[in-house]
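Spelled out from the first residue to the last, the chains are:
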Amino acid sequence: MNLVIKNANLNGVNVDCLIEDGVYKTIASGIEIPNGYDILDANGNYIVPPFFNCHTHSPMNLLRGIADDLPLFTWLSKHIWPLESKLTSEDIRNGAMLSASEMIRSGTVFYNDMYWSSEEAIVAADKSGMRAVIGIFIIDEAPGMVNSKCRASEELTLEAYSALSLEAKKRIKLSYAPHAVYSVSEKTLLAVAEKARSADAFIHIHASETREEFENCQKEHGMTPIAWIDRCGLLTPNTILAHCVHLTEDDMALIAERGAIISHQPCSNYKLCSGQFDYHRAVECHKCRFVIGTDGCASNNNLSMFDEMKLAALNAKISSGDPTSGRAEDIFYAATRGGAEAFGIDSGEIKEGMLGDALLIDKDAVQMKPCHNLISNLVYSADTSVVASVVCNGRILLRK
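Engineer: Looking at this structure, how should I read the overall build of the protein chain?
Structural biologist: Within the protein chain, the regular secondary structure consists of 15 helices and 16 strands. The globule rule puts the C-alpha radius of gyration for 400 residues at 21 Å, and the 20 Å found for the protein chain is close to it. Projected onto the principal axes, the alpha-carbon positions of the protein chain cover approximately 65 × 50 × 40 Å. Sorting the 400 residues of the protein chain into buried and exposed places 58% on the buried side. Once local pairs closer than 6 in sequence are excluded, the contacts in the protein chain between residues at least 24 apart make up 70%. For the protein chain, the exposed area adds up to about 15,400 Å²; of that, 51% sits on carbon and sulfur atoms. When the 36 basic and 51 acidic side-chain charges of the protein chain are each reduced to a single mean position, those positions are 2 Å apart.

What follows is the structure in structure tokens.
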């Protein structure tokens, strides 16, 4: 994709950004626009890296506002899983498309997805123009699961993926997504570990999300969920651990040693009362790799990374009792460049040689006035209304 973003404010300097074949080729003032290039006039708006949503369930926005104000296991087993069993493939595709629209409008160009009927999510991701890692959803049995439809077909997923264009395959990848230690058997987890290892694929799993999960795993296996995931061969540098609310010091040390990645969803954690992630101990002390996601709309109830950034920063401070914990710069990095790095994507910076992704922020938005510190404003005061335009791979996804 070939594009010139004109008149953008990059770190206080007005520049033009020439994107050629989806990559930033030149960033300078007064670039001569080649023939045939699309043009996006930034009108002096701020240009920053867009967001990477590292844990979500895109079709679940069809359940937004259903079964609110309940604990996780009641919410899942009594309401969500029974309702999900009634969704058709068309429902799932439409839900995924609606989520893609919401993410684009809120400044996100990438999402790490977990849901069944993965083949429908692939189609939605392709149509959206976004980057995505689509999980091959794996689950055995869980309370409230009505039938076997609540699973993904690896064969159908691979068939849908093989049908993508070469351009789409550069944006969209597959992962193995076992739901959680309480819903996937040891035999299945071991098999997933082997498949992921053979394919050099990402693993995406819920981990230590609730106190109940933590305690039940210790009773059943004599170890924490993180230790059990490791025992089953799933704790690797390609593993995304969603939530990690209940971690021991040994868990944090093990995650850091294995190079696995914690994806933090503070809005969902707070809404389901799962607990507080210990950012200070896990990230600042043990140096665990750390990214941010939104979770699904049924437990959030939106896909705004602005909300997640602010709450992640505040959670870090209140959980540690230290107002210097969860610095705005660190949280913004986790939501942008950190997410890109976690998935091996050469994006997350507005820099020559990097992939042509961009988020334009309305300089005249009231939440951005005054702008003593751009990153501080984005983390602590901004919301989705400040998004002016979104570019992914040199393609304009949103132009306001």
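So that's the structure; there's more coming.
Engineer: What is the right way to read the layout of surface pockets from this model?
Structural biologist: In this approach, a probe sized like a water molecule rolls over the atoms, and the result shows the empty space that is left. Approximately 300 Å³ is the volume found for the largest pocket. Residue lining of the largest pocket: 16 residues in total, with Asn11, Pro49, Phe332, Gly348 and Glu349 positioned closest to the centre. When contributions to the lining of the largest pocket are tallied by element, the ones reaching two or more residues are β5 (46–48), α13 (328–335) and α15 (374–380). The dominant element in the lining of the largest pocket, judged by the number of residues it contributes, is α13, at three residues. When its residues are assigned to classes, the lining of the largest pocket shows nine nonpolar, three polar and four charged.

Engineer: Looking at this structure, I do not really get the packing of aromatic side chains. What am I missing?
Structural biologist: The description of an aromatic ring pair uses the distance of the two centres, along with the angle that the planes make with each other. Counting across every chain of the model gives nine aromatic pairs. Considering the side-chain rings of Phe202 and Phe343, the 5.0 Å spacing of their centres and the 50 degrees angle between planes classify their relative orientation as tilted. With Phe202 in strand β10 (residues 202–207) and Phe343 in the loop between α14 (337–342) and β14 (358–361), the pair connects residues that are 141 residues apart, well separated along the chain. For the residue pair Phe202 and Phe343, the accessibility class agrees, reading buried in each case. When the centroid spacing of 5.9 Å and the interplanar angle of 5 degrees are considered together, the rings of Phe277 and Phe290 count as stacked.

Engineer: Whenever I open this one, the environment of Lys78 confuses me. Can you help?
Structural biologist: Checked against the element boundaries, Lys78 lands in helix α1 (residues 72–84). Its relative accessible area of 61% is what places Lys78 among the exposed residues. When the C-alpha atoms of Lys78 and Ala67 are compared, they prove to be 9.1 Å apart, with eleven residues separating the residues in sequence.

Engineer: Mind showing me how you'd approach the packing of helix α3 (residues 118–128) against helix α4 (residues 154–162) here?
Structural biologist: Two packed helices can be described by the angle between their axes and the distance between those axes. For the pair α3 and α4, the least separation of the axes is 8 Å and the interaxial angle reads 20 degrees. Here α3 lies roughly parallel to α4, going by the angle between them. The element α3 and its partner α4 pack so that their crossing is right-handed. Across the interface between the two elements, Ser118, Glu119 and Ile122 of α3 pack against Leu156, Thr157, Ala160 and Tyr161 of α4.

Engineer: Can you help me understand the sheet that holds strand β6 (residues 51–56) in this one?
Structural biologist: Neighbouring strands of a sheet are bound in pairs by backbone hydrogen bonds; such pairs are parallel or else antiparallel. Judged by pairing direction, the sheet is parallel, and its eight strands sit side by side in the order β6-β7-β8-β9-β10-β11-β12-β13 without closing on themselves. Only two strands of the sheet have a single neighbouring strand rather than two, namely β6 and β13 (289–292). Each adjacent strand pair in this sheet contributes to an overall mean axis angle of 25 degrees, direction not counted. The pairing of strand β7 (residues 108–115) with strand β8 (residues 131–138) spans six bridges and is classified as parallel. Within the sheet, the bridge partner assigned to Tyr111 lies in β8 and is Ala132.

Engineer: What is the right way to look at α4 in this model?
Structural biologist: It helps to recall that an α-helix has 3.6 residues per turn; residues three or four apart then point in one direction. Buried within α4 we find Thr157, Ala160 and Tyr161. Looking straight down α4, one finds its buried side chains confined to an arc of 100 degrees; they lie on one side. Exposed residues lying more than 90 degrees from the buried face of α4 are Glu155 and Glu159. Those residues of α4 that are buried lie in contact with α3, β8, α5 (166–171) and β9 (172–178).

Engineer: How do you make sense of the pairing of β10 when you look at a structure like this?
Structural biologist: Side-chain direction in a regular strand flips from residue to residue, so the side chains alternate between the two faces of the sheet. Counting buried positions along β10 yields six of six residues, so the element is predominantly enclosed. The two faces of β10 match: Phe202, His204 and His206 on one face and Ile203, Ile205 and Ala207 on the other face are all buried. Bridge count between β9 and β10: two bridges; the pairing is parallel. Across the sheet, residue Ser175 finds its bridge partner in β10, namely Phe202. Between the parallel pair β9 and β10, the chain is carried across by helix α6 (residues 186–199), and the sense of this crossover is right-handed.

Cut-offs applied
Residues numbered from 1 in each chain as written. Predicted model: local features only at pLDDT ≥ 70, side-chain atom pairs only at ≥ 80, totals over all residues. Heavy atoms only, no water. Helix = DSSP H or I, 4+ residues; strand = E, 2+ residues; numbered from the N terminus. Rg over C-alpha atoms; globule rule 2.2 N^0.38 Å. Buried < 20%, exposed > 50% of the residue type's maximum accessible area, 1.4 Å probe, protein only. Contact = heavy atoms within 4.5 Å. Areas by Shrake-Rupley, 256 points an atom, 1.4 Å probe, with all protein chains shown as cover. Lys, Arg positive; Asp, Glu negative; His and termini not counted. Charge placed at Lys NZ, Arg CZ, Asp CG, Glu CD. 1 Å grid on protein atoms, 1.4 Å probe; cavity = no way out; pocket = protein on both sides within 12 Å on 5 of 7 lines; lining within 4 Å. Points joined across faces, edges and corners; volume = space filled by probe spheres on them. Nonpolar A, V, L, I, M, F, W, Y, C, P; charged D, E, K, R; others polar. Phe/Tyr/Trp six-rings, centres within 6.5 Å; stacked < 30°, edge-to-face > 60°. Axes fitted to C-alpha atoms, helices over the stretch in contact; angles between N-to-C directions. Parallel < 35°, antiparallel > 145°, perpendicular 65-115°, else oblique. Left-handed = near helix turned anticlockwise from the far one by under 90°. Pairing = 2+ DSSP bridges. Arc of directions from axis to C-beta. Right-handed = clockwise from strand over helix to strand, strands pointing away.

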